[in-house]
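Descriptive structure summary
Listed below are the residues making up each chain.
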Amino acid sequence: MIFCRGEIDSADGGCVDLVVDVEAMPDWQITDVRYWGFPSDRWHLEFDRGVHLADQLAGLAQILPSELG
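Residues numbered from 1 in each chain as written. Predicted model: local features only at pLDDT ≥ 70, side-chain atom pairs only at ≥ 80, totals over all residues. Heavy atoms only, no water.

Points about the pattern of salt bridges
Under the definition given, this model contains 2 salt bridges. What emerges from the salt-bridge pattern is a single network uniting D21, D32 and R34. (Salt bridge = Lys/Arg side-chain N within 4 Å of Asp/Glu carboxyl O.)

Some words on the side chain of D32
Relative to the helices and strands, D32 is located in strand 3 (residues 28-36). Residue D32 is classed as buried on the basis of its relative accessible area of 14%. Among the polar contacts listed, one links the side chain of D32 to the side chain of R34, at a separation of 3.0 Å. Residues contacting D32, with those up to four places away along its chain left out, are V19, V20, D21, H44 and F47. (Helix = DSSP H or I, 4+ residues; strand = E, 2+ residues; numbered from the N terminus. Buried < 20%, exposed > 50% of the residue type's maximum accessible area, 1.4 Å probe, protein only. Polar contact = N/O pair within 3.5 Å; in protein donor to acceptor, adjacent residues only side chain to side chain. Contact = heavy atoms within 4.5 Å.)

With respect to the nonpolar core
Within the largest apolar cluster, 9 residues are counted, these being L18, V20, I30, V33, Y35, L45, F47, L60 and L64. Only strand 2 (15-24), strand 3 and helix 1 (53-68) provide two or more residues apiece to this core. When residues no more than four places from it in sequence are discounted, the contact partners of I30 are V20, D21, V22, F47, L53, Q56, L57 and L60. (Core = buried A, V, L, I, M, F, W, Y, C linked by side-chain atoms within 4.5 Å.)

Description of the confidence of the model for the chain
For the chain, the mean per-residue pLDDT works out to 77, and 65% of the residues sit at or above 70. By mean pLDDT, strand 1 (residues 2-6) is the weakest element of the chain at 61, and strand 3 is the strongest at 86. (pLDDT = per-residue confidence, 0-100.)

Here's what the structure looks like:
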């Protein structure tokens, strides 16, 4: 899943992608969360590993607003 967020005051309408990787293992779980498009290659975000997908998503929903600034 990729969410594209435009950069504020970007001269070229640039975009920073939020990439969420999921995998069935045996139930669906998030395996990685990262921003793609910042000058420093990739920026990985912390998330709860080893919990159900619903709990992972709830945790991300709480931290993403502060991370997105």
